[in-house]
Amino acid sequence: MKLKWYGHSSFLLTSEAGTRILIDPYYKFLGYRMPVPIESNIVVVTHNHADHNKVQAASGDYLLVNEPKSYERGDVSIDGFKTFHDKVNGKKRGPNIIFRFKIDGLTVCHCGDLGHLLTEEQVREIGKVDILIVPVGGKMTLDGAEAVHVMRQLQATVAIPMHYRTKALGILGRFVLQRWKISLRLREHAGQK
């Protein structure tokens, strides 16, 4: 299996047989640009936020995977598990789906924008993973220490960090991100009334 990171939470997994799985496409986002279109057999969306759901970045006759259920295409099987984007059962940032991929004899787990530690039931359902792709940026997702905890929960052999600030974000990106956070807080506050 080949794994390519496009920045943020977006990855392309390619099986030995050539099945291409595009995860969390964003197209353009705060200094990142995907090389679109990306020929895909499967497109995975972990949650419905604009920086994770730009399926128009993909091309081809792909299977859209965006629900917490089981899928199969060619030599790949996928299972989705309902989680949340925050520590309050989705009340602040909504739902998230962890996807587990069985590909080329490996178990790969992409956590999307996971915002909480896993429950014992979730750990049992997901099982042991070979490769864990996990957010580490904090604030909107798990931070580094929490990601290590999830890595231990799932007994991951390899962990790949994602969803953290890089130079691609730049000054403009930080400004836009700060405005987006303020807007999100205002919407959350308005929803509490």
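Structural data are supplied above this passage.
The rules behind each value
Once a new chain begins, its residue numbering starts again from 1 and follows that chain's sequence as written. Local features are withheld for residues below a pLDDT of 70 in this predicted model, meaning they are given only at 70 or higher, and side-chain atom pairs are given and counted only at 80 or more; totals for whole chains, interfaces and linings count all residues. Calculation of side-chain values draws on the structure's entire complement of heavy atoms; hydrogens and water are dropped beforehand. Here, any two strands with at least 2 DSSP bridges between them count as paired. Only DSSP runs of H or I reaching four residues or more are called helices, and only runs of E reaching two or more are called strands; each is numbered from the N terminus. All axes are obtained by fitting lines to C-alpha atoms, using only the stretch in contact for helices, and the reported angles, taken between N-to-C directions, cover 0 to 180 degrees. Residues count as neighbours in contact if any of their non-hydrogen atoms are within 4.5 Å of one another. Throughout this description, buried means an accessible area under 20% of the type-specific maximum (1.4 Å probe, protein chains only), exposed means over 50%, and partly exposed covers the range between.

Student: Any chance you could explain the sheet that holds strand β3 (residues 20-23) here in plain terms?
Tutor: Pairing between the strands of a sheet comes from backbone hydrogen bonds, and it takes one of two forms, parallel or antiparallel. Taken in spatial order, the five strands of this open sheet run β1-β2-β3-β7-β9, and their pairing is mixed. In this open sheet, the two edge strands, each paired with only one partner strand, are β1 (2-7) and β9 (63-65). Averaged over all neighbouring strand pairs, the angle between strand axes comes to 15°, with direction disregarded. Strand direction decides the pairing type here: strand β7 (residues 42-44) and β9, joined by three bridges, are parallel.

Student: What exactly am I supposed to notice about the sheet that holds strand β14 (residues 131-135) here?
Tutor: Spatially, β10-β11-β12-β13-β14-β15 is the arrangement adopted by the six strands of the open sheet, whose pairing is mixed. Whereas interior strands pair on both sides, the edge strands pair on one side only; in this sheet they are β10 (70-73) and β15 (158-162). Going from strand to strand, the sheet's axes swing by 20° on average, the running direction of each strand aside. Sheet analysis places β14 next to β15, joined by five bridges and oriented parallel. Bridge pairing in β15 places leucine 132 opposite alanine 159.

Student: I tried to follow the environment of glycine 94 on my own but got confused; where do I start?
Tutor: Here glycine 94 lies in the loop between β11 (76-84) and β12 (95-103). Placed 45 residues apart in sequence, glycine 94 and histidine 49 show a C-alpha to C-alpha distance of 9.4 Å. Leaving out residues up to four positions away in the same chain, glycine 94 has contacts with Phe84, His85 and Asp86.

Student: Would you explain unusual backbone geometry in this entry?
Tutor: Among all residues except glycine, the phi angle is most often negative; among peptide bonds, the trans geometry is most common. Between valine 36 and proline 37 the backbone carries a cis peptide bond, its omega angle lying at -5°. Structurally, proline 37 is set in the loop between β5 (32-33) and β6 (38-39). Although it is not a glycine, asparagine 89 adopts a positive phi angle of roughly 55°. By the secondary structure assignment, asparagine 89 is in the loop between β11 and β12. Taking the relative accessible area as the measure of exposure, asparagine 89 reaches 56% and is therefore exposed. Positive phi outside glycine occurs at glutamine 155, with the angle close to 50°. Mapping glutamine 155 onto the fold places it in the loop between α2 (144-153) and β15.

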